[in-house]
Amino acid sequence: MRPVLVCIFLLALLASIQAQQIGLIANTDGRKTISLDGQWRTIIDPYESGYYDYRYEPSANGYFKDAKPKTKSDLIEYDFDTSGSLNVPGDWNTQEDRLLFYEGTIWYKKAFDYQRKENTRLFVYFGAANYIADVYLNGQKLGRHEGGFTPFNFEITNLVRDANNSLIVKVDNKRRRDAVPTLITDWWNYGGLTREVKLIETPATFVHDYFIQLQKGSQDRIDGWVKLTGTKLAQKITIRIPEARISKSFTTDANGFAQISFVAGLTLWSPANPKLYEVVIETETDRVQDEIGFRTIETRGTDILLNGKPVFLRGVCIHEEAPFRGGRAYSREDALTLLSWAKELGANFVRLAHYPHNEFMLREADRMGIMVWSEIPVYWTILWENSATLENAQNQLSEMIARDKNRAAVIVWSMANETPVGDARLAFLKKLIERARSLDSTRMISAAMERHYVDDKTQMIDDPLGEYVDVFGCNEYVGWYDGLPEKADGLTWKMKYQKPLIMTEFGGEAPYGNHGDALTRWTEEFQENVYQHQVRMLKRIPFLRGACPWILMDFRSPRRPLPGIQDFHNRKGLVSDHGEKKKAFYVMQNYYRELQKGPQN
């Protein structure tokens, strides 16, 4: 490699390492932010010629330079300012017909001005970019982020200019065998800057992160920590909960870290009363506030206990698919629509499949009193023995927990979905579980697993991963992929472990308005029939503590091409992508109404 390119690589690597050392800033809602949403100039680059030269080596003069001809003879073969544009946040696939199936690289550019301030630091924050994002400011690389569903940020304090800043992001959504998720999924590979992008201002020394939750097993002791970043790390900090008349002071150590613990008499968060408190963290140099709910969640034998009382999780699965307009969901309005449908169904619980959803979903679930299963995209068959794949999964898990660890709604961290039993897979998932427990010991750990027949009428749940999770998740499609609907009537369920079970997937497929008799596949009546038999079967499982039908709303999937029926959509939704409720919706609604009358509601 030529010396100049070696220098470029080293500078980019150092910039990336320096940027990543800052880590994710907790609770951007509690900061002064400047939105960079809206129209971004874009260049479609399927051959990545804006990044590599013709020898497939990184170019010193790639599109990230945002170069302009200085004379009439200069040769520059791109121009952001006369190129097309895309909306941010948003996926590119649904913004232009020609990009519907596009997988590759698109470059984004946003120009902005910023008046620099003394004793202030500035970060650029991305809610998510699918899948790999290389980020540049004014020609200098800030770093790279891999993973399509978790947030990341880079410090730009010393790079930002008062005027005409050029923020450029190379987004590449090509699927890879060694990635997380891997090559094959059952949802659309939406590319782009799919969530909010904003500038975040902080003081020179600021509250970087915090964890303020009830101590595991306690309903009146708050345990946690606060972490400062900056030059004045040893400070007095005060945690205040004004409504509860609580004010407690602590001192951070030389590393800016303070462990906190104190007794607090609080109204506990629950679906029946989703109480949130304003929590203020004040230091000598900074002040942040958040809305936090306090509750306990644990298991005892085959029961799930919320605030010490048994609860049945009346759930539904949700993909991050936007209702009505289609494409990737990203807004508060999207979250309110989807969660309101879940509430209308009778749900007190949602499984956010198969990756971390946008932050609005978690914030609104907090406010609406809906418990949440949050999952990383360790899905189907990934490279279990690849160390880079494990590191990638661990990073996505860490970023998911970093963002949402103070959300009362989140009761389950899920490690995976439908992964095949094997030694390498077990070792991989055990490491993820260890990472999750080290970051947050207060929530339940699970994964959506499969089951098998021991005879024609007996389903057995005995995945060896069950030894390490708190609650079992199990996917089954009796009546759809597995026999006809009435097959469910004769089945008995057994489980090796004395743990609660959530049936995390079941259902069948039907476009809204497609009618026929109860044994004609693809009709609403067939889907309704599946659900009727499923409900009767679920009622007979003694260790069942939650049900999560697949899925709330129809969503796009390239694996579903059947013309006139699927048209590249998975039609298992209880609601169509235009908000129309199918007959099966009311089967589950009636089941959940029955459950609400019982002792575990």
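Some details on the sheet that holds strand β8 (residues 152-155)
With respect to topology, four strands assemble into an open sheet ordered β1-β10-β5-β8, the strand pairing being antiparallel. If you trace the sheet from one side to the other, it starts and ends with β1 (32-35) and β8, each paired once. Neighbouring strand axes in the sheet, compared pairwise and without regard to direction, differ in orientation by 30° on average. In this sheet, strand β10 (residues 197-203) lies alongside strand β5 (residues 120-126) in antiparallel orientation, the contact comprising seven bridges. By the bridge assignment, Tyr125 is partnered in β10 with Lys198.

Details of the side chain of Asn529
Mapped onto the fold, Asn529 is located in helix α6 (residues 524-538). In this structure the side chain of Asn529 is engaged in a polar contact, spanning 3.1 Å, whose partner is the backbone oxygen of Ala518. Asn529 has contacts with Pro485, Ala518 and Leu519, leaving out every residue within four places of it along the chain.

Thoughts on the packing of helix α2 (residues 332-345) against helix α3 (residues 359-368)
For the pair α2 and α3, interaxial distance at closest approach is 9 Å and the crossing angle is 45°. By the angle between their axes, α2 is oblique relative to α3. Every pair of crossing elements has a handedness; the one defined by α2 and α3 is right-handed. Across the interface between the two elements, Arg332, Ala335, Leu336, Leu338, Leu339, Ser340 and Lys343 from α2 touch Phe360, Met361, Glu364, Ala365 and Met368 from α3. Per-class residue counts for the contact of α2 with α3 are eight nonpolar, one polar and three charged.

Some points on the confidence of the model for the protein chain
Averaged over all residues, the pLDDT of the protein chain equals 95, while 96% of them reach at least 70. Confidence over residues 1-21 falls short of pLDDT 50; this stretch has 22 contacts with residues more than four positions distant or in other chains.

About the cut-offs
Residues numbered from 1 in each chain as written. Predicted model: local features only at pLDDT ≥ 70, side-chain atom pairs only at ≥ 80, totals over all residues. Heavy atoms only, no water. Pairing = 2+ DSSP bridges. Helix = DSSP H or I, 4+ residues; strand = E, 2+ residues; numbered from the N terminus. Axes fitted to C-alpha atoms, helices over the stretch in contact; angles between N-to-C directions. Polar contact = N/O pair within 3.5 Å; in protein donor to acceptor, adjacent residues only side chain to side chain. Contact = heavy atoms within 4.5 Å. Parallel < 35°, antiparallel > 145°, perpendicular 65-115°, else oblique. Left-handed = near helix turned anticlockwise from the far one by under 90°. Nonpolar A, V, L, I, M, F, W, Y, C, P; charged D, E, K, R; others polar. pLDDT = per-residue confidence, 0-100.

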